[in-house]
Amino acid sequence: ARLRLNDLPGASQALETAAKLAPTNDDVALLQAIVDENEGQFAEAVQRLRALPHPDAAVLYRLEELVARTGSAADPREQLDLFDRVQTLQSNNLVAAFGRARLLAQTQNAALLSQAIKNLELYRRSWSAAAVGEFDSAKTAVAAGDFRAAATHLTFLQNLSKATPAYQAALSALGITGGAM
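> I'd like a description of the nonpolar core, backed by residues and values.
One finds Leu49, Leu113, Leu120, Trp127 and Leu154 to be the most contacted residues of the largest nonpolar core, which totals 50 residues. Broken down by element, the residue count for this core peaks at 9 residues, all from helix 6 (residues 94-107). Setting aside residues up to four positions removed in sequence, Leu154 forms contacts with Phe98, Ala101, Arg102, Ala105, Leu113, Ile117, Leu120 and Ala138. Residues Ala11, Leu15, Val28 and Val35 belong to the second largest nonpolar core, which totals 5 residues.

> Now, about helix 10 (residues 165-173): what can you tell me, with residues and values included?
For helix 10, the full list of buried residues reads Tyr167, Ala170 and Leu171. On an axial view of helix 10, the arc spanned by its buried residues comes to 100 degrees, and they lie on one face. Of the residues in helix 10, the exposed ones pointing more than 90 degrees away from the buried face are Pro165 and Ser172. At its buried positions, helix 10 is contacted by helix 6 and helix 9 (147-161). Positive backbone phi, at 75 degrees, marks Gly175, one or two positions downstream of helix 10.

> So, the packing of aromatic side chains: which residues are in play, and what are the values?
What the rule picks out here adds up to 3 aromatic pairs. Note on Tyr61 and Phe83: the rings are 6.4 Å apart at their centroids and 55 degrees apart in plane angle, and the pair reads as tilted. Of the two residues, Tyr61 sits in helix 4 (residues 57-70) while Phe83 sits in helix 5 (residues 77-89), which places them 22 residues apart along the sequence. The same class applies to Tyr61 and to Phe83, which are both buried.

> Explain the packing of helix 6 against helix 9 residue by residue, including any values.
Packing of helix 6 against helix 9 brings their axes to within 8 Å, and their N-to-C directions diverge by 165 degrees. Classified by the angle their axes make, helix 6 and helix 9 are roughly antiparallel. The hand of the helix 6/helix 9 crossing is left-handed. Along its contact with helix 6, which presents Val95, Phe98, Ala101, Arg102 and Ala105, the element helix 9 presents Phe147, Ala150, Ala151, Leu154, Thr155, Leu157, Gln158 and Ser161. Tallied by class, the residues present in the contact of helix 6 with helix 9 amount to 9 nonpolar, 3 polar and 1 charged.

Quick notes on the rules
- Here the residue index of a chain counts from 1 through its sequence in written order.
- A pLDDT threshold of at least 70 governs which residues receive local features in this predicted model, and a stricter bar of 80 or more applies before side-chain atom pairs are shown or counted, although totals over entire chains, interfaces and linings include all residues.
- Derived side-chain values reflect all non-hydrogen atoms in the structure, with water molecules and hydrogen atoms excluded from consideration.
- Side-chain atoms within 4.5 Å link the members of a nonpolar core, which is a set of buried Ala, Val, Leu, Ile, Met, Phe, Trp, Tyr and Cys residues.
- Whether a residue is buried, partly exposed or exposed follows from its accessible area with a 1.4 Å probe, protein chains only, as a fraction of its type maximum: under 20%, in between, or over 50%, in that order.
- Secondary structure elements are defined from DSSP: runs of H or I of at least 4 residues count as helices, runs of E of at least 2 residues count as strands, and each element is numbered from the N terminus.
- By the convention used here, residues are in contact when the closest approach between their heavy atoms is within 4.5 Å.
- Note: the arc covers the axis-to-C-beta directions of the helix.
- Planes of paired rings set the category: under 30 degrees apart is stacked, over 60 is edge-to-face and the rest tilted, where pairs are Phe, Tyr or Trp rings (Trp by its six-membered ring) whose centres lie within 6.5 Å.
- Here the axes come from fitting lines to C-alpha atoms, over the contacting stretch only for helices, and the angles between their N-to-C directions go from 0 to 180 degrees.
- The scheme is simple: roughly parallel for angles under 35 degrees, roughly antiparallel for over 145, roughly perpendicular for 65 to 115, oblique for anything else.
- Each crossing gets its hand from how the near helix is turned against the far one by less than a right angle, where anticlockwise is left-handed and clockwise is right-handed.
- Gly is put with the polar residues, along with every residue not named as nonpolar or charged; the nonpolar set is Ala, Val, Leu, Ile, Met, Phe, Trp, Tyr, Cys and Pro, and the charged set is Asp, Glu, Lys and Arg.

See below:
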């Protein structure tokens, strides 16, 4: 409750007590990481989430976001591993699928990106004509080895997909509310 009221000192104190009672509770660690992040303590938030023994998909996704935002991974392999772990737990999570595909485009991994594009094709029937156009353009860009264009088209496709039920369900499964990222 204190976190929702933006009472960061009060939230931090309450979460410290909760962490003593349940030191391996992912929910408590996630909330502590949110407080750390809101206080500008990004490295602590990343460290806290990395230390969890059995993080759920929401925690893994939050960790990937923090790692990407802070640049705390020496290379993108940690981010790819985090996306893979999310998709192992939630195989049809469209949010994670888009994030992984965009990262693969940035790292210019043609083989894995081609597979990621193929996996995204499963959602084609639920997309608008504009979204299908972006998907086809992304697919063409990947085939041509134009990774920058592929990343751009994937970003536009993701934006066009945000209102779909599959995307909203994926957000909800990751504990993200409010309908936007």
